[in-house]
There are 2 protein chains.
Amino acid sequence: MASNAYQSAGVDLQGIESLKERIGAFASLTHGPEVLKGVGAFAGLYRLRNYKNPVLAASTDGVGTKLKVASLLGHYESLGIDLVNLNVNDIVTCGAHPLMFLDYISLGRLDPQIVEPMLRGMVWACRESDCALVGGETAQMPGLYADGEFDLAGTVVGAVEESAIIDGSSVVEGDVLLGLPSSGLHTNGYSLVRKVFDIDDNPSILYQQYSELGHTLGEELIKPHRSYYHTLKPHFGRLKAVVHVSGGGLPNNIPRLLPEQLAARVRLDAWEPHPIFNLIQNVGEVDPLEMYQVFNMGLGMVLICDHDAWPSLQRSLPDAVVMGEVVKRTDSTQVHMQR
Amino acid sequence: MASNAYQSAGVDLQGIESLKERIGAFASLTHGPEVLKGVGAFAGLYRLRNYKNPVLAASTDGVGTKLKVASLLGHYESLGIDLVNLNVNDIVTCGAHPLMFLDYISLGRLDPQIVEPMLRGMVWACRESDCALVGGETAQMPGLYADGEFDLAGTVVGAVEESAIIDGSSVVEGDVLLGLPSSGLHTNGYSLVRKVFDIDDNPSILYQQYSELGHTLGEELIKPHRSYYHTLKPHFGRLKAVVHVSGGGLPNNIPRLLPEQLAARVRLDAWEPHPIFNLIQNVGEVDPLEMYQVFNMGLGMVLICDHDAWPSLQRSLPDAVVMGEVVKRTDSTQVHMQR
């Protein structure tokens, strides 16, 4: 086998070195004075300042099979944005401020045409959420992934003052539920969408124009997951609970932060789901209830606040809709959805 | 499509719910009073206490194609241990103490026979490194992975007092290099090993007994990555640099912490590489130099300390070997390996 045995085993060492340099240059765009070192050492280092009783908040998640749709379209920036924003939204739910982000990209063959746009998207999103891209791993896994296939995961680390944690514990009967619009599907339900439109076997459908969408199916499906950090940050102090409407939709996510003895009454006529949800339901003949359990149905975040606080909150969050209220729980159901 | 459309699209929602409960139970074994909530909310929360000027240290990495070997053997606990320890070792290099860990498991079909042993391994390793498993994601990706295939990544977050960061900057000529034994291949070079032994096409070779190993090839290849945290923790204050010998081996990892104007002289006769390295080299006819660039060759960590400090350090680290010293740099090579 002699020299370059590793290269012939499918691992591109030189490619990874030059990629690391470019990643370092990208990543440094996100580094403020808190970051002690760029990417390249064994660990990312970040100075934690100005917290009296800091609580660290962390989340790891991936983009799910949205990556298959984005791959078919060759559009990778949006995946990088998705990856950062979906994790940032998870820690924002407890009032935390994002500090650092780390990514994991795993692929069969090192393809800069895939990796670099994804990293560019991550850098854009990290900058938008005041978050430093301090590390990550680009793993070459010949034999696990075919050429052009990859997986993607990310971790965000943030911090919150212990006394400022938002955890739903102060929610009481009569509190108001506000919904913040999603940009589209965000990153949930893509396995179902791929099946409904038979995308794997018929990828050309992604280029089909739908008048109700105003553009192609593909353009709709790769819309980036919205980040709610800057929207919510000025209002953390007035929020009793923040729910990220991710996998499981409204009925499964709202209970994650609602005290046991309370329930939520959600008025489904309070907002108009994006046309994409109707389209999926009609084309796939999906049960309406299941739609709400799989998709965000147009609301990416649910906020719970005091009844007296919502008028002023709604003024500063002009796209928020009053979508329901907190009621006494009377049975096993914690989320009642009413038309 | 009617009800259960998501299930028929290959996503097992009930399975993931019952798995989440069991994960929560596993994970809670790692939760001390610093952890505010168990797994299940949107974010893992961890109280940071007793630091004056805390610096957060984080690392994300995966186990590489070692997972293919472990899969063939149906031995998943060791992968969980690997995942935690390889990341812990990365942040230990700067003197950080591990605090929280988050995992990402991605698979085609939710298989508890794979996921649970891996999580068990993670819990074992987290407990051993005083680290709390606070979150993670088990992603079902039908269409990306076949049944039984998966990918695995993890993130550790630790902290270090800013004044106690170990960064190699105080290394001077005459300092001593100590090597700490590895348990075997750790998690590097598996794509090459798989090729050398033709493991993918001839997996039965994993059950072949090798007299020089004292057991089967498979047993050798799934030995868990050793964690050095508890070994090094009492000595952080006397270490000038700590090098995790991961991908790239001694010649590529030592320079990551060595000041520009210095070089390392490594005496290759100072230690005896495990028999597995000889076996790989002979069977694969791998160039000896490349062996050192791909594998740890028997040393999982390299410590750099003051010449006067090493006798007492070596006494408290009985398995450490004096493997070389720091010299003036005279040319482009920063690591000179001599017999």
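In the block above lies the structure referred to throughout.
Summarised in this report is the structure supplied together with it. (Residues numbered from 1 in each chain as written. Chains lettered and ligands numbered in written order. Predicted model: local features only at pLDDT ≥ 70, side-chain atom pairs only at ≥ 80, totals over all residues. Heavy atoms only, no water.)

So, the packing of helix H4 (residues 77–92) of chain A against helix H5 (residues 112–128) of chain A
Residue and element names in this part refer to chain A.
Here comes step 1: Their axes nearest at 6 Å, the elements H4 and H5 cross at an angle of 40°. With respect to H5, the element H4 is oriented oblique. In terms of crossing hand, the pair formed by H4 and H5 is right-handed. Contacts between H4 and H5 involve Glu77, Leu79, Gly80, Ile81, Leu83, Val84 and Asn85 from the first element and Pro117, Met118, Arg120, Gly121, Met122, Trp124, Ala125 and Cys126 from the second.
Here comes step 2: A breakdown of the residues in the contact of H4 with H5 according to their chemical character gives ten nonpolar, three polar and two charged. (Axes fitted to C-alpha atoms, helices over the stretch in contact; angles between N-to-C directions. Helix = DSSP H or I, 4+ residues; strand = E, 2+ residues; numbered from the N terminus. Parallel < 35°, antiparallel > 145°, perpendicular 65-115°, else oblique. Left-handed = near helix turned anticlockwise from the far one by under 90°. Contact = heavy atoms within 4.5 Å. Nonpolar A, V, L, I, M, F, W, Y, C, P; charged D, E, K, R; others polar.)

Notes on the environment of Arg120 of chain A
Residue and element names in this part refer to chain A.
Here comes step 1: Mapped onto the elements, Arg120 comes out in helix H5.
Here comes step 2: Sequence-distant contacts of Arg120, that is, excluding residues within four places in its chain, are made with Phe26 and Glu77.
Here comes step 3: Only 2.8 Å separates the side chain of Arg120 from the side chain of Glu77, close enough to count as a polar contact. (Polar contact = N/O pair within 3.5 Å; in protein donor to acceptor, adjacent residues only side chain to side chain.)

A look at the interface of chain A and chain B
Here comes step 1: Listed as interface residues are 83 residues of chain A and, on the opposing side, 83 residues of chain B.
Here comes step 2: Summed over both sides, the interface between chain A and chain B buries roughly 6,300 Å², with carbon and sulfur atoms accounting for 60% of that surface.
Here comes step 3: At the surface where chain A touches chain B, the tally comes to four salt bridges.
Here comes step 4: For Arg47 of chain B, the salt bridge identified is with Glu162 of chain A, shortest N-O distance 2.7 Å.
Here comes step 5: In this structure, the connection of chain A to chain B is made through 20 residue pairs in polar contact (both at pLDDT 80 or more). (Buried area = accessible area lost by both parts, 1.4 Å probe. Salt bridge = Lys/Arg side-chain N within 4 Å of Asp/Glu carboxyl O.)

A few points about helix H3 (residues 66–73) of chain B
All names here are of chain B.
Here comes step 1: Along H3, six of the eight residues are buried, which leaves the element largely enclosed by surrounding structure.
Here comes step 2: Turning to H3, its buried residues number three or more, namely Lys66, Leu67, Lys68, Val69, Ala70 and Leu73.
Here comes step 3: In the core, the buried residues of H3 are packed alongside helix H4 (77–92), strand E5 (150–161), helix H6 (190–196) and helix H7 (217–221).
Here comes step 4: Just downstream of H3 lies Gly74, where phi reads positive at about 65°. (Buried < 20%, exposed > 50% of the residue type's maximum accessible area, 1.4 Å probe, protein only.)

What about the environment of Ser191 of chain A?
Here comes step 1: For Ser191 of chain A, the position within the fold is in helix H6 (residues 190–196).
Here comes step 2: Ser191 of chain A sits in the buried class, given a relative accessible area of 5%.
Here comes step 3: It is 25 Å that separates the C-alpha atoms of Ser191 of chain A and Gly179 of chain A, two residues lying twelve residues apart in sequence.
Here comes step 4: Non-local contacts of Ser191 of chain A, meaning those with residues more than four positions away in its chain, are made with Thr65 of chain A together with Ala9, Val11 and Pro142 of chain B.

Re the packing of aromatic side chains
Note on aromatic pairs: each is described by the distance of the centres and the angle between the planes.
Here comes step 1: Under the criterion given, the structure shown has seven aromatic pairs over all chains.
Here comes step 2: The interplanar angle of 70° and the centroid separation of 5.8 Å between the aromatic rings of Tyr76 of chain B and Phe150 of chain B together place this pair among those described as edge-to-face. Of this pair, Tyr76 of chain B sits in the loop between H3 and H4 while Phe150 of chain B sits in strand E5, and the two are 74 residues apart along the sequence.
Here comes step 3: The aromatic ring of Phe42 of chain B is capped on one face by Arg256 of chain A, whose charged end is 4.0 Å from the ring centroid. (Phe/Tyr/Trp six-rings, centres within 6.5 Å; stacked < 30°, edge-to-face > 60°. Lys NZ or Arg CZ within 6 Å of the ring centre and 35° of its normal.)

What to know about the pairing of strand E11 (residues 299–305) of chain A
Residue and element names in this part refer to chain A.
Here comes step 1: Counting buried residues along E11, seven of its seven residues qualify, which places the element largely inside the surrounding structure.
Here comes step 2: Pairing between strand E6 (residues 176–181) and E11: six bridges, direction antiparallel. Across the sheet, residue Gly179 finds its bridge partner in E11, namely Val302.
Here comes step 3: Examined bridge by bridge, strand E9 (residues 241–244) and E11 share four bridges and lie antiparallel to one another. By the bridge assignment, Val242 is partnered in E11 with Leu303. (Pairing = 2+ DSSP bridges.)

Describing the sheet that holds strand E4 (residues 132–140) of chain B
Here comes step 1: As summarised here, the arrangement of the five strands in space is E1(A)-E2(B)-E5(B)-E3(B)-E4(B), forming an open sheet in which the pairing is mixed. Edge positions in the open sheet fall to strand E1 (44–47) of chain A together with E4 of chain B, since each of these has one partner strand only. Each strand of the sheet is rotated relative to its neighbour by a mean of 15°, with strand direction disregarded.
Here comes step 2: The pairing of strand E3 (residues 97–107) of chain B with E5 of chain B spans ten bridges and is antiparallel.

As for the packing of helix H2 (residues 13–28) of chain B against helix H5 (residues 112–128) of chain B
Residue and element names in this part refer to chain B.
Here comes step 1: Following both chains from N to C, one finds H2 and H5 inclined at 15°, their axes separated by 10 Å at the closest point. Put simply, H2 runs roughly parallel to H5. Judged by the sense of rotation from one axis to the other, the crossing of H2 with H5 is right-handed. Where H2 approaches H5, its residues Leu19, Arg22, Ile23, Phe26 and Ala27 are matched on the opposing element by Pro112, Val115, Glu116, Leu119, Arg120 and Val123.

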